[in-house]
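# Structural features, examined
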Amino acid sequence: MIVQPLASGSKGNAVWVEHQGTRLLFDAGLPGPELIARARAAEREPKRLNAIFLSHLHLDHARGLRRAAKVSGAPVFLHRAHSERGLYRGVGDVRSFTPGEPREIGSLSVEAFAVSHDAIPTVGFVVRTPEARFGFATDLGCSDEGVIEQLSGCDALYLEFNHDEQMLWHGPYPGPLKERIAGMQGHLSNAQAERLLERVAGERLRFVFLAHLSETNNTPELALAAARRALQRAGREQHVELRIALQHTPTPPHELGALRTNDLERAS
Ligand SMILES: [Zn+2]
Ligand SMILES: [Zn+2]
């Protein structure tokens, strides 16, 4: 399974997942033409998508949905609460998912799980093949045992590291927005993501995309330092590669299950 973030952050989010000819897009939050161009810049052809899944309806996750659905002709999977309200009727083939009930698309199985965020409902996803498991969790104000259970046992994660708490509180945002971001239905701080990563960094975990970093209230260095502390405490720092998911350009892909150089060295 190959995972490639096309965009990550408050200006737009989209993650491409591909396995044995099945191609999925998780979120479509760049403006439509930009999303299509971004995918093609990464040599991912939108016309070959098999399905588009939306985590929630905030614009930074849904802005380009109509265009992506039109160009690809792929079905759009919305949380049942949204599809039943007739949202996005007319964008094409709208289908639904229900948290806890996996949907099979080609060679991939996609299961949504509920997270705490102020676009209700918002979900994370676990994508499975017989060999590998990928966890997608962004836009959550806090984690709970349900989130920990879903993300544990994954081979790779796309995990929100939104803000540094000091930078947020001392930064330029107005007070109510600071409170929203820091709240239980806002976004995960580096410190919260650090605690979550420590809990879910199991023996299978090999790779983490640090996602949805705030350009105002975070830096890649602070997010990476938090993730490294989590892996050290979990005793996994030698085994897990970290990569910042980028906002303005495709992030280099990660292939789950591919042996890394030091694994090969250890095996030889
Ligand atoms: Zn977002
Ligand atoms: Zn959101």
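Preceding this section is the structure that the text describes.
One structure accompanies this document, and this report is about it.

Calculation rules
Residues numbered from 1 in each chain as written. Chains lettered and ligands numbered in written order. Predicted model: local features only at pLDDT ≥ 70, side-chain atom pairs only at ≥ 80, totals over all residues. Heavy atoms only, no water. Donors = N, O, S within 2.8 Å, 3.2 Å for Na, K, Ca; no water. Tetrahedral: all angles 85-135°; square planar, octahedral: opposite > 155°, others 65-115°. Buried < 20%, exposed > 50% of the residue type's maximum accessible area, 1.4 Å probe, protein only. Helix = DSSP H or I, 4+ residues; strand = E, 2+ residues; numbered from the N terminus. Arc of directions from axis to C-beta. Contact = heavy atoms within 4.5 Å. Core = buried A, V, L, I, M, F, W, Y, C linked by side-chain atoms within 4.5 Å.

Within the first shell, the zinc ion (ligand 2) binds the protein through His56 (NE2), His58 (ND1), His117 (NE2) and Asp139 (OD), at distances of 2.2 to 2.3 Å. Around the zinc ion (ligand 2), the four donor atoms sit at angles spanning 90 to 167°, and that spread fits a shape best called irregular. Sequence spacing among the residues donating to the zinc ion (ligand 2) works out to H-x1-H-x58-H-x21-D. Here the zinc ion (ligand 2) and the zinc ion (ligand 1) are spaced 3.5 Å apart, linked through Asp139, which binds each one.

The next point concerns helix H3 (residues 65–72). Listing the buried residues of H3 in full gives Leu65, Ala68, Ala69 and Ser72. The buried side chains of H3 occupy one side of the element, clustering within an arc of 95° when seen end-on. Residues of H3 that are buried make contact with helix H1 (32–41), strand S4 (51–53), helix H2 (59–62) and strand S5 (76–79). Positive backbone phi, at 70°, marks Gly73, one or two positions downstream of H3.

On to the coordination of the zinc ion (ligand 1), then. Donor atoms from the polypeptide that bind the zinc ion (ligand 1) are Asp60 (OD), His61 (NE2), Asp139 (OD) and His212 (NE2), placed at 2.1 to 2.2 Å. Viewed at the metal, the four donor atoms of the zinc ion (ligand 1) are separated by angles of 88 to 157°, and the geometry they form is irregular. One chain supplies every donor for the zinc ion (ligand 1), spaced along it as D-H-x77-D-x72-H.

Our next topic: the nonpolar core. Ranked by internal contacts, the top residues of the largest apolar core, which has 31 residues, are Leu151, Phe161, Leu197, Val208 and Leu210. At six residues, helix H9 (residues 220–233) tops the list of elements feeding residues into this core. Once you skip the residues sitting within four places of it in the chain, Leu197 turns out to touch Leu157, Leu159, Phe161, Leu205, Val208, Ala227, Ala230 and Leu231. One finds Phe53, Ala112, Phe134 and Ala156 within the second-largest nonpolar core, a separate group that totals 27 residues.

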